[in-house]
Amino acid sequence: MGALYSLFLVTVLLGLLCRYFIKKFSYWKNRNVPYVKPTSIFGNLYPVLALKKTIGHWLQEQYNECNSDYFGIYAFTQPMLVIKSPTMIKDIIVKDFSYFDNRTVVINQNDEIMANLLFTKSNPSWKRIRSKMTPVFSSGKLKLMFPLVLDEAQHLVDLLKQHHCSRPTEMKEIACKYTINVIAKCAFAVNARTFENEHSEFRELGRKLFDPRLENRLRFFVARFFPGLMKFFDIYLVNPKISRTLQDIVTCVLHTRKENTNAKEKDLIDILIDLKKSDKSEDKFSEIELIAAAVNFFVAGFETVASTLAFILYELCLAPDIQERLREEIISTVQGNDGNLTYDSLSDMKYLDLIILEGMRKYPVLPFIDRRCNSDYKVPGTDLTIEKGTAIYIPLFGLHYDSKYFPNPEKFDPERFRNKTDLNCDGMYYIPFGSGPRNCIGGRFALMNMKIAISKILLNFECVRVAETPVPLVYETKSLVVASKVGLPLKLVPLEKLLF
Ligand code: HEM
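The present account deals with the structure reproduced in this document. (Residues numbered from 1 in each chain as written. Predicted model: local features only at pLDDT ≥ 70, side-chain atom pairs only at ≥ 80, totals over all residues. Heavy atoms only, no water.)

### Re the packing of helix α9 (residues 171–188) against helix α21 (residues 443–460)
The description of two helices packed together rests on the angle between their axes and the distance between the axes. Relative to each other, α9 and α21 sit at 125 degrees, their axes nearing to 12 Å. On the basis of their axis angle, the class for α9 and α21 is oblique. In this structure, α9 crosses over α21, and the sense of that crossing is right-handed. Contact residues: α9 offers Met 171, Tyr 178, Val 182, Ile 183 and Cys 186, while α21 offers Phe 445, Asn 449, Ile 452, Ala 453 and Ile 457. Across the contact of α9 with α21, the residue classes tally to 9 nonpolar, 1 polar and no charged. (Axes fitted to C-alpha atoms, helices over the stretch in contact; angles between N-to-C directions. Helix = DSSP H or I, 4+ residues; strand = E, 2+ residues; numbered from the N terminus. Parallel < 35°, antiparallel > 145°, perpendicular 65-115°, else oblique. Left-handed = near helix turned anticlockwise from the far one by under 90°. Contact = heavy atoms within 4.5 Å. Nonpolar A, V, L, I, M, F, W, Y, C, P; charged D, E, K, R; others polar.)

### Details of the environment of Ile 322
Relative to the assigned elements, Ile 322 resides in helix α17 (residues 320–335). Judged by relative accessible area, Ile 322 falls into the buried class, the value being 11%. In this structure, the C-alpha to C-alpha distance between Ile 322 and Tyr 351, residues 29 residues apart in sequence, is 9.4 Å. In this structure, Ile 322 is in contact with Leu 316, Tyr 351, Ile 355, Phe 412 and Pro 414, ignoring residues within four places of it in sequence. (Buried < 20%, exposed > 50% of the residue type's maximum accessible area, 1.4 Å probe, protein only.)

### Overview of the sheet that holds strand β2 (residues 78–83)
One open sheet holds the 4 strands; their spatial order is β1-β2-β7-β4, and the pairing between them is mixed. Looking at which strands have only one partner, the edges of the open sheet turn out to be β1 (70–75) and β4 (368–372). In this sheet, neighbouring strand axes are inclined to one another by 30 degrees on average, regardless of whether the strands run parallel or antiparallel. Where β2 and strand β7 (residues 391–395) come together, 3 bridges link them in parallel fashion. Within the sheet, the bridge partner assigned to Met 80 lies in β7 and is Ala 391. (Pairing = 2+ DSSP bridges.)

### Some details on the coordination of the iron atom of the ligand
A lone protein donor contacts the iron atom of the ligand, and this donor is Cys 440 (SG), found at 2.3 Å. Here Cys 440 shows up in the loop between α20 (396–400) and α21. (Donors = N, O, S within 2.8 Å, 3.2 Å for Na, K, Ca; no water.)

### So, the sheet that holds strand β9 (residues 489–494)
If you walk across this open sheet you meet the 3 strands as β3-β9-β8, and the pairing is antiparallel. Two strands close off the open sheet at either side, each with one partner strand: β3 (169–170) and β8 (461–464). With 4 bridges connecting them, β8 and β9 associate as antiparallel partners. Looking across to β9, one finds that Glu 462 is bridged to Val 493. Sheet contacts for α21: β8 and β9; angle to β8, the most-contacted strand, approximately 95 degrees.

Written as structure tokens, this is what we have:
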């Protein structure tokens with residue numbers, strides 16, 4: 001009798017579970033939206049969970065398989081709408097932004113620092129902070145930070161000369177050290193000394209933040225796909241020890257910083273303090289928001305720039321003719337400025353611009369843009385109404401490798417961007433920094449850092465492919481940002497004649 005009773009209970013339970021999944025997985029079908037059939041209780045997400053694909057390449061695969069302007073998928077039971085049409089993308093992230101002003105990730109409010117990042121904040125507080133932080137990266141402010149970054153690039157070259165000429169250099173690691181030094185100097189006003197000390201505090205913090213260990217991946221997945229659980233189980237987006245250390249560093253800098261620094265070079269802390277002081281509004285920056293701003297620069301600004309920089313140098317080592325042509329441009333620009341790399345001369349290097357555009361096409365290191373719909377939205381020119389709460393994903397690998405927009409997409413071809421005056425004209429399909437009011441606030445700072453580092457490296461070294469350089473590239477499926485599985489080893493051979 002007992003066994004029969006248990007069997008009955010199990011059958012009922014299984015039946016209820018089946019009903020639950022059938023109901024959840026009917027969301028797109030019931031709305032007549034083309035969709036990719038879910039294959040398990042994980043929805044369509046199994047290849048990512050099983051580490052067979054990165055999220056970016058998983059989205060790209062679905063993008064290539066679906067012919068419609070948009071289609072539905074499921075992450076576990078959560079319906080996600082993936083957008084392919086450039087006009088729809090423009091509508092969502094630019095024109096009708098007011099319907100899509102937040103990202104999909106949800107942060108537990110006890111996680112004080114992470115909940116105050118510009119990246120994770122929701123409206124209306126996002127808008128308030130964004131408008132206060134926008135001036136931080138104006139041309140005038142970037143010009144003030146330029147000497148700090150140039151110093152770090154010179155430091156990078158000096159150390160490369162001492163340590164890395166005879167053996168292959170792991171470019172991603174070197175680039176990380178450079179960008180950590182830059183952010184630590186610019187956002188935290190400290191010398192991170194990552195080159196001198198392999199285990200410097202900032203390098204260790206960076207490693208722990210982006211380490212693809214299971215703990216980090218779980219936090220990321222819960223925040224993205226099970227937002228309700230963040231609060232319920234008091235889960236933090238990053239290990240609280242890391243955010244506490246970052247918070248302590250900024251607090252310490254803020255408290256020791258003199259009321260007024262008259263130094264010509266201004267770091268971000270100065271700029272943020274000035275902003276706070278000159279802000280006469282009722283809702284001025286709180287201390288925690290100011291700390292979170294500096295922390296956000298670190299979290300968003302070192303791994304992204306380092307990865308892009310390393311991928312570009314990797315492509316240059318595979319294409320010596322492009323590398324040589326770029327070097328010639330850099331040399332002639334520096335010669336035209338009395339042997340100096342100046343802030344203004346960065347914008348004279350048009351071929352460098354093309355190379356960075358192409359590098360960011362091939363390697364969109366944050367491989368998707370996401371938004372959550374905040375009230376029902378009728379998509380112009382279609383029968384589709386996106387319901388409040390729907391998660392929207394824009395797959396950058398799909399768009400950036402679509403031969404309709406970029407013929408022969410696997411080829412690293414900077415020339416494809418020359419005379420491309422119609423880029424993103426009728427809609428958006430090239431958006432490595434996102435677009436619209438919620439685009440990357442640090443894009444111009446990132447470009448400055450990359451241009452300085454590439455110029456300094458090419459003036460001093462030839463980037464050479466070695467046996468260990470991975471061709472073709474295999475992506476690390478555990479990584480939180482786009483990364484090569486075996487790193488990006490290449491050789492930096494000092495130029496015989498030192499140029500500058
Ligand atoms: C090559 C380097 C970088 C890439 C590829 C990159 C890419 C992106 C992307 C794709 C977004 C989302 C945009 C959107 O949703 O429309 C973003 C947002 C953001 N990025 Fe960057 N980023 C880079 C460097 C930086 C740097 C250096 C900083 C700061 C120092 C920074 C700070 C931010 C912040 C704060 C946001 C959130 C903006 C908001 O929600 O208002 N990023 N970035």
